[in-house]
Amino acid sequence: MAIEIREHVPGQDLSDFLRVPRIVYAGDPNWVQPLDFEMKQRLTPGKNPFFHRGELALFTAWKDGRLVGRISAQLDHEHLRKYEDRTGFFGFFDTVDDDEVGKALVDAASKWVARRGMRRLRGPFSLTINEELGVLIDGFDTPPVLMMNHHRPWQDRVALASGLEKAKDFYAWRFDVGEIPPRALKAWEETKALPEVRLRSVEPSKMDRELRIILDIFNDAWKDNWGFVPATAEEAKKMGEELKLILDKELAFIAEVDGKAVAICVALPNLNEVIRDFDGKLNPVTLGKLIWRLKVKRPKSARLVMLGIRSEMRHQRRYAGLSHALYVEVAKRGEKLGYQWGELSWTLEDNRPINLGIKSMGARIYKKYRVYEKDVAPGQGG
């Protein structure tokens, strides 16, 4: 039978779209179902700041009357303002093992962005480059950590069969707590010994101020990365509100030089370790478990989501060891709190300085993700 594509209204018609992962990943021991309420908020205008900067469409695929896949299509006007490249995006790309399903979904997303004047489709980004991205292409044997994608091994093949081509690969690194390499330890000791340098924990009671600092450094430190689009103050505020429950202030700190914030390091407890058996449901019982597992039992893993240094500091010899000092500091803080390992993600495959720095800490690449793109023909949308 022909594949039927159905479009769903963001914020109103989400049940089938959200049901797809439970079908695609049924029986996968490493799948972690995201919390349903959080996913609904992300896809609802008025509850996600993305809708102030972008447009979104949601599609599901049906074959022989069965739900078999999904995809989103979106415009990011912040990206278009910065790059002026007529690129639209797709995300939430999950299908059964069927190339025809993938092609039908990618075609639907292509037509949607083409109708809005785009000439290229890129993704998956769910919903922007600052959120979950890529199709997992290596590392299927372990669960995804907080805010990272997971896929079936066939998803890369399905993507390529749909006409998509590789645009960029991204790495996730695993660092196991243990002996720190002597060179990194020396850089940490020498940097902390500088009288003007201070590494201070984020102050939750002053979160608005801290978020402004983090956002400012993030937008400066990442500005030259491939595809980077600045996060907005509204998005930072929303993220701060969402992370208050899980933030471990000892894993989030700011480096100051002469009282000026010059670098950030933010690691988060791995919420996926806590919610694996919730099946996406948050109710009084699971909420109690979540709080107990986070605050009392404590997760054994964390994800380093941000480590960045202001561009003006990177070539000052006096602070050459700052990046290693941040890596060692977060490793030592994590070990003291009982964490056994952490994921550092994500990094670009061709960001040689960052990748070498992480490797020098003894971390190893344990997952790889791929972002794809394809040209969209003028008039394809009809």
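Criteria and thresholds
- Residues numbered from 1 in each chain as written.
- Predicted model: local features only at pLDDT ≥ 70, side-chain atom pairs only at ≥ 80, totals over all residues.
- Heavy atoms only, no water.
- Helix = DSSP H or I, 4+ residues; strand = E, 2+ residues; numbered from the N terminus.
- Rg over C-alpha atoms; globule rule 2.2 N^0.38 Å.
- Buried < 20%, exposed > 50% of the residue type's maximum accessible area, 1.4 Å probe, protein only.
- Areas by Shrake-Rupley, 256 points an atom, 1.4 Å probe, with all protein chains shown as cover.
- Lys, Arg positive; Asp, Glu negative; His and termini not counted.
- Charge placed at Lys NZ, Arg CZ, Asp CG, Glu CD.
- Pairing = 2+ DSSP bridges.
- Right-handed = clockwise from strand over helix to strand, strands pointing away.
- Phe/Tyr/Trp six-rings, centres within 6.5 Å; stacked < 30°, edge-to-face > 60°.
- Lys NZ or Arg CZ within 6 Å of the ring centre and 35° of its normal.
- Contact = heavy atoms within 4.5 Å.
- Expected span 1.5 Å × (residues − 1).
- Arc of directions from axis to C-beta.
- Polar contact = N/O pair within 3.5 Å; in protein donor to acceptor, adjacent residues only side chain to side chain.

Trainee: When you look at the overall build of the protein chain in this model, what are you seeing that I'm missing?
Mentor: Along the protein chain, the regular secondary structure elements total twelve helices and 15 strands. Relative to the 2.2 N^0.38 estimate, which gives 21 Å for 382 residues, the radius of gyration of the protein chain is 21 Å and therefore close to what a compact globule would have. Summarising its shape, the C-alpha atoms of the protein chain cover approximately 70 × 50 × 35 Å along the three principal directions. Burial status across the protein chain gives 57% buried among its 382 residues. Carbon together with sulfur atoms contributes 51% to the accessible area of the protein chain, which is approximately 17,100 Å² in total. One finds the centroid of the 62 positive side-chain charges in the protein chain at a distance of 2 Å from the centroid of its 56 negative side-chain charges.

Trainee: I would appreciate a short explanation of the pairing of strand β4 (residues 87-95) in the present structure.
Mentor: On any regular strand, side chains alternate: one points to one face of the sheet, the next to the other face. Most of β4 is tucked away: nine of the nine residues are buried. Two strands pair when backbone bridges link them, and strand β3 (residues 66-76) and β4 are joined in this way by five bridges, in the antiparallel orientation. Looking at β4, one finds that A73 is bridged to F90. Where β4 meets strand β5 (residues 120-123), three bridges bridge the pair, whose relative direction is parallel. Opposite G88, over in β5, you have L121 as the bridge partner. Where the polypeptide runs from β4 across helix α4 (residues 99-114) and back to β5, its parallel neighbour, the crossover connection is right-handed.

Trainee: Would you mind showing me how to read the packing of aromatic side chains here?
Mentor: One pair of aromatic rings is described through two measures. These are the centre distance and the angle between the planes. Considering all chains together, one arrives at eleven aromatic pairs under this definition. Plain terms: the ring middles of F170 and W346 are 4.7 Å apart, the flat faces sit at 85° to each other, and that makes the pair edge-to-face. Remark: W346 occurs in strand β14 (residues 341-348) and F170 occurs in strand β9 (residues 165-176); sequence separation between them is 176 residues. The exposure class assigned to F170 is buried, which follows from its relative accessible area of 0%. Taken together, the aromatic side chains of F170, W226 and W346 make up a single cluster linked through ring pairs. If you follow R70 out to its NZ or CZ, it ends over the ring of F17, 4.9 Å from the centre. Lying over the aromatic face of W341, R174 brings its terminal NZ or CZ to 4.1 Å of the ring centre.

Trainee: I would appreciate a short explanation of the environment of Y339 in the present structure.
Mentor: By the secondary structure assignment, Y339 is in the loop between α11 (322-337) and β14. Sequence separation between Y339 and E196 is 143 residues; the distance between their C-alpha atoms is 30 Å. With residues near it in sequence (within four places) discarded, Y339 still touches V177, D248, L251, P269, R298, P299, K300, S301, A302 and G334.

Trainee: Please explain unusual backbone geometry as it appears in this structure.
Mentor: Only a minority of non-glycine residues have a phi that is not negative, and only a minority of peptide bonds are not trans. In this structure, L127 follows S126 across a cis peptide bond, with omega equal to 15°. Within the secondary structure, L127 is located in the loop between β6 (125-126) and β7 (132-133). For the bond from S345 to W346, the omega torsion is -10°, close enough to zero to count as cis. Within the chain, D64 stands out as a residue other than glycine whose phi angle is a positive 55°. Structurally, D64 can be placed in the loop between β2 (54-63) and β3. Phi at D258 takes a positive value of approximately 55°, unusual for a residue other than glycine. Relative to the helices and strands, D258 resides in the loop between β11 (252-257) and β12 (260-269). Residue D258 is classed as exposed on the basis of its relative accessible area, which comes to 64%.

Trainee: Is there a simple way to explain helix α10 (residues 284-297) in this structure?
Mentor: Every α-helix carries 3.6 residues per turn, so stepping three or four residues along brings you back to the same face. An ideal rise of 1.5 Å per residue puts 20 Å on 14 residues; α10 measures up with 18 Å between its terminal C-alpha atoms. Those residues of α10 that sit buried are T286, L290, R293 and L294. Taken around the axis of α10, the buried residues stretch over an arc of 90°, which confines them to a single face. Exposed residues lying more than 90 degrees from the buried face of α10 are P284, V285 and V296. Elements in contact with the buried residues of α10: β12 and α9 (271-275). Here α10 starts with a cap whose side-chain oxygen sits 3.0 Å from the backbone nitrogen of V285, and that cap is N283. Following α10 by one or two positions, R298 adopts a phi angle in the positive range, close to 70°.

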